[in-house]
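Examining the three-dimensional arrangement
Each chain, written out:
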Amino acid sequence: MTAEPFWQIQQDLADDQALIERIIAVHAEILNGQLAADPMLNPNLPIEVRALRRIEEWRVLLLLTPWMLGRLFFPDRAPAFALPPGWSAQERQGADYQILGPRVRFELLGQPQQAHLGYLEWLGHYLLQPICLNMEPYPDAEAVFAAWAEVIRVRDENMEAMRRACPIQREISRRELLGVCSQAIRGKSK
């Protein structure tokens, strides 16, 4: 019997609040079970979900745990790409939690994306983009999210600076190009 290479999507998690509650419960179980003795855990950090929103056919959220901050993607329906070998629901049944599964590529808002495939029996398949895997420096959840907000602020400032700089550079480049072309034409006509 071969495993089906299709995404498992938990239909009972169609409600956003049900998804949040299940994510927290499943990760609490992982924390108290498989990761209980992990010395890299930060016991000051809770398991928390923030910023749940819908982007195209995905529910996207931030997940904070004592071992990571990551962006999780849950599809409304099976994505167009097949699961890698060994990652069907049947093949992952009873397997240990794996933070970073195989890397997959997908498109979101017209941009190429990369993430790690995940599977947990009570969540189904999902994607994870890790933001931070070293949680040791953070005294609490607010410090984690403040640091993430600062990263976003700096990124937004840089993107805005690039938007402001690019039209000017393009205009200067055109003028310089026209100047060079004019000089070349004048040189030929002499």
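Above this text is the structure in question.
Attention here is on the structure that accompanies the text.

Procedures and definitions
- Residues numbered from 1 in each chain as written.
- Predicted model: local features only at pLDDT ≥ 70, side-chain atom pairs only at ≥ 80, totals over all residues.
- Heavy atoms only, no water.
- Phe/Tyr/Trp six-rings, centres within 6.5 Å; stacked < 30°, edge-to-face > 60°.
- Helix = DSSP H or I, 4+ residues; strand = E, 2+ residues; numbered from the N terminus.
- Buried < 20%, exposed > 50% of the residue type's maximum accessible area, 1.4 Å probe, protein only.
- Lys NZ or Arg CZ within 6 Å of the ring centre and 35° of its normal.
- Expected span 1.5 Å × (residues − 1).
- Arc of directions from axis to C-beta.
- Contact = heavy atoms within 4.5 Å.
- 1 Å grid on protein atoms, 1.4 Å probe; cavity = no way out; pocket = protein on both sides within 12 Å on 5 of 7 lines; lining within 4 Å.
- Points joined across faces, edges and corners; volume = space filled by probe spheres on them.
- Nonpolar A, V, L, I, M, F, W, Y, C, P; charged D, E, K, R; others polar.
- Pairing = 2+ DSSP bridges.
- Salt bridge = Lys/Arg side-chain N within 4 Å of Asp/Glu carboxyl O.

**Let's talk about the packing of aromatic side chains**
Per the stated rule, a full pass over the model turns up seven aromatic pairs. Here the aromatic rings of F73 and F106 are separated by 5.4 Å at their centres, their planes lie at 75°, and the arrangement is edge-to-face. On the criterion of sequence distance, the pair formed by F73 in strand β3 (residues 68-75) and F106 in strand β4 (residues 103-108) is long-range, its members being 33 residues apart. Of the two residues, F73 and F106, both sit in the buried class. One aromatic cluster is present, formed by W7, W58, F73, F81 and F106 through successive ring pairs. Over the ring of W87 we find R92, and its NZ or CZ is 4.0 Å from the ring centre.

**Structural notes on helix α1 (residues 16-32)**
Taking 1.5 Å as the rise per residue, α1 with 17 residues should run 24 Å; its terminal C-alpha atoms sit 24 Å apart, in good agreement. Buried residues of α1: L19, I20, I23, V26, H27 and I30, and no others. For α1, the angular spread of the buried residues around the axis is 140°, confining them to a single face. When the buried face of α1 is taken as reference, the exposed residues oriented beyond 90 degrees from it are E29 and N32. Against β1 (48-55), β2 (58-65), β3 and β5 (111-120) lie the buried residues of α1.

**Side note on the layout of surface pockets**
Estimates place the volume of the largest pocket at around 310 Å³. Listed by contribution, the elements that provide at least two residues to the lining of the largest pocket are α1 and β5. Here the lining of the largest pocket takes three residues from α1, the largest share from any one element. Together, 15 residues line the second largest pocket, and R53, I55, R71, Q129 and R155 are the ones closest to its centre. The class makeup of the residues in the lining of the second largest pocket is nine nonpolar, three polar and three charged.

**Brief notes about the pairing of β4**
It is a general feature of regular strands that their side chains alternate between the two faces of the sheet. Side chains V104, F106 and L108 project from β4 onto a buried face, and the interleaved R103, R105 and E107 project onto a face without burial. Linking β4 back to β5 in an antiparallel pair, the connection comprises two residues, with L109 at a positive phi of about 55°.

**A look at the pattern of salt bridges**
Enumeration according to the criterion identifies 10 salt bridges in this entry. A salt bridge links D16 to R59, with the nearest nitrogen and oxygen atoms 3.1 Å apart. Taken together, the residues D16 in helix α1 and R59 in strand β2 connect sequence positions 43 residues apart. Of the residues examined, R59 reaches a relative accessible area of 5% and is grouped as buried. The partner of R153 in a salt bridge is E157, and the shortest N-O contact between them spans 2.3 Å. Of this pair, R153 and E157 both sit in helix α3 (residues 141-189), four residues apart, which is roughly one turn of that helix. E157 gets classed as partly exposed once you look at its relative accessible area, which sits at 45%. Taken together, the salt bridges that share partners define one network made up of D16, R54, R59 and D76.

Keep in mind these values describe shape, not function.
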